[in-house]
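Summary of the model geometry
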Amino acid sequence: EPEVTQTPSHQVTQMGQEVILRCVPISNHLYFYWYRQILGQKVEFLVSFYNNEISEKSEIFDDQFSVERPDGSNFTLKIRSTKLEDSAMYFCASRSTENTEAFFGQGTRLTVV
Amino acid sequence: TQLLEQSPQFLSIQEGENLTVYCNSSSVFSSLQWYRQEPGEGPVLLVTVVTGGEVKKLKRLTFQFGDARKDSSLHITAAQPGDTGLYLCAGAVWTNAGKSTFGDGTTLTVKP
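**Describing the overall build of chain A**
The helix and strand tally for chain A stands at zero helices and 11 strands. Starting at the N terminus, the α and β elements of chain A follow one another as β-β-β-β-β-β-β-β-β-β-β. The globule rule puts the C-alpha radius of gyration for 113 residues at 13 Å, and the 13 Å found for chain A is close to it. Distance from the positive charge centre (10 side chains) to the negative charge centre (15 side chains) of chain A: 4 Å.

**Observations regarding the overall build of chain B**
Helix and strand counts for chain B stand at zero helices and 11 strands. Listed N to C, the secondary structure of chain B is β-β-β-β-β-β-β-β-β-β-β in terms of helices and strands. Taken over the C-alpha trace, chain B has a radius of gyration of 13 Å; the compact-globule value for 112 residues is 13 Å, and the two agree within 12%. Projected onto its principal axes, the C-alpha positions of chain B cover 45 × 30 × 20 Å. Residues classed as buried in chain B amount to 48% of the 112 residues present. Contacts spanning at least 24 positions in sequence make up 55% of the contacts within chain B whose residues lie at least 6 apart. When the accessible area of chain B is evaluated, it comes to approximately 5100 Å², of which 50% is carbon and sulfur surface. Put simply, chain B has 9 plus and 10 minus side-chain charges, and the middle of one group is 5 Å from the middle of the other.

**Topic: the pattern of salt bridges**
Counting across every chain of the model gives six salt bridges over all chains. Of the charged contacts, one joins Lys42(A) and Asp104(B) as a salt bridge, the two residues approaching to 3.6 Å between their closest N and O atoms. In this pair, Lys42(A) is assigned in the loop between strand 4 (31-37) and strand 5 (44-50) and Asp104(B) in the loop between strand 10 (100-102) and strand 11 (106-111), connecting two distinct chains. Here Lys42(A) falls in the partly exposed class, since its relative accessible area comes to 24%. In this structure, Glu54(B) engages Lys56(B) in a salt bridge whose closest nitrogen and oxygen atoms are separated by 3.8 Å.

**A look at the interface of chain A and chain B**
At the interface, 21 residues of chain A touch 21 residues of chain B. Counting the surface chain A buries against chain B, the share from its top three residues, Lys42(A), Glu98(A) and Phe104(A), is 28%. For the side of chain A that touches chain B, the secondary structure elements donating two or more residues are strand 4, strand 5, strand 6 (53-57), strand 9 (88-95) and strand 10 (103-104) of chain A.

**Here we look at the state of the cysteines**
Residue and element names in this part refer to chain A. Throughout the structure, instances matching the rule amount to two disulfides over all chains. What pairs with Cys 23 in a disulfide is Cys 92, and their sulfur atoms sit 1.9 Å apart. The chirality of the disulfide connecting Cys 23 with Cys 92 is left-handed, given an S-S dihedral of about -65 degrees. Of this pair, Cys 23 sits in strand 3 (residues 19-24) while Cys 92 sits in strand 9, placing them 69 residues apart in sequence. Each member of the pair, Cys 23 as well as Cys 92, carries the same accessibility label: buried.

**Describing the sheet that holds strand 1 (residues 5-7) of chain A**
Residues and elements named next belong to chain A. Strand order in the open sheet formed by four strands is 1-3-8-7, and the pairing between neighbours is antiparallel. Of all strands in the sheet, those bounded by a partner on one side alone are strand 1 and strand 7 (65-68). Neighbour-to-neighbour, the strand axes of this sheet turn through a mean angle of 20 degrees, independent of strand direction. Pairing between strand 3 and strand 8 (residues 75-79): five bridges, direction antiparallel. Each bridged residue has a counterpart across the sheet, and for Val 19 the counterpart in strand 8 is Ile 79.

**A look at unusual backbone geometry**
For the bond running from Thr7(A) to Pro8(A), omega is -10 degrees, close enough to zero to count as cis. Examined against the element boundaries, Pro8(A) turns out to sit in the loop between strand 1 and strand 2 (10-13). Between Ser7(B) and the following residue, Pro8(B), the backbone shows a cis peptide bond with an omega angle of -10 degrees. One non-glycine residue with positive phi stands out, namely Asn51(A), at about 55 degrees. Relative to the assigned elements, Asn51(A) resides in the loop between strand 5 and strand 6. The backbone of Arg69(B) sits at a positive phi, close to 60 degrees, despite the residue not being glycine.

Rules and cut-offs
Residues numbered from 1 in each chain as written. Chains lettered and ligands numbered in written order. Predicted model: local features only at pLDDT ≥ 70, side-chain atom pairs only at ≥ 80, totals over all residues. Heavy atoms only, no water. Helix = DSSP H or I, 4+ residues; strand = E, 2+ residues; numbered from the N terminus. Rg over C-alpha atoms; globule rule 2.2 N^0.38 Å. Lys, Arg positive; Asp, Glu negative; His and termini not counted. Charge placed at Lys NZ, Arg CZ, Asp CG, Glu CD. Buried < 20%, exposed > 50% of the residue type's maximum accessible area, 1.4 Å probe, protein only. Contact = heavy atoms within 4.5 Å. Areas by Shrake-Rupley, 256 points an atom, 1.4 Å probe, with all protein chains shown as cover. Salt bridge = Lys/Arg side-chain N within 4 Å of Asp/Glu carboxyl O. Buried area = accessible area lost by both parts, 1.4 Å probe. Disulfide = S-S within 2.5 Å. Pairing = 2+ DSSP bridges. Axes fitted to C-alpha atoms, helices over the stretch in contact; angles between N-to-C directions.

Laid out in structure tokens, this is it:
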């Protein structure tokens, strides 16, 4: 069964360092998303990406965040200068069309120390 | 801003009991998904409901979408310890980049 895969599963980084979280969406999907979930809190939308550009971003997604689809398969989230409060589970999701359900990856646990 | 409120937040029951989890909003959604999430893992899709009034069954789980597409419920019959987990509802609006708005989740514990 096709699935969204994310790497790494766990990333520990020093405050101020750059991190790149990687995702391989389901192959025929066209819409891509990043969400985050701070421990004990709800899943929050960060950004949506379609047709090689951001279609919507939340207020969490500030200038420190960027997304890229460098090739036909990968979808990355970069945090330029991590802060302690960036520690969270980051989930990638994809959907085939705008009106179908989203499928989520297993997540990357980011710990900023 | 679209909000989804889930209730109850925590539910602890004995094996064999029935339960219902509610997901309510003042906003209309194009579709609503129910996910189950295990600790440290991503949400796993259980079902999608699209049509107002729609009812879907998945073994002992029954999902309903409200007529006005603002609310949904998840009913579990004869709960088993294997049903223990975090249940999330998420609404999507197709004209809104298809992003999902999540509820806070319901943590279900089924005791043997």
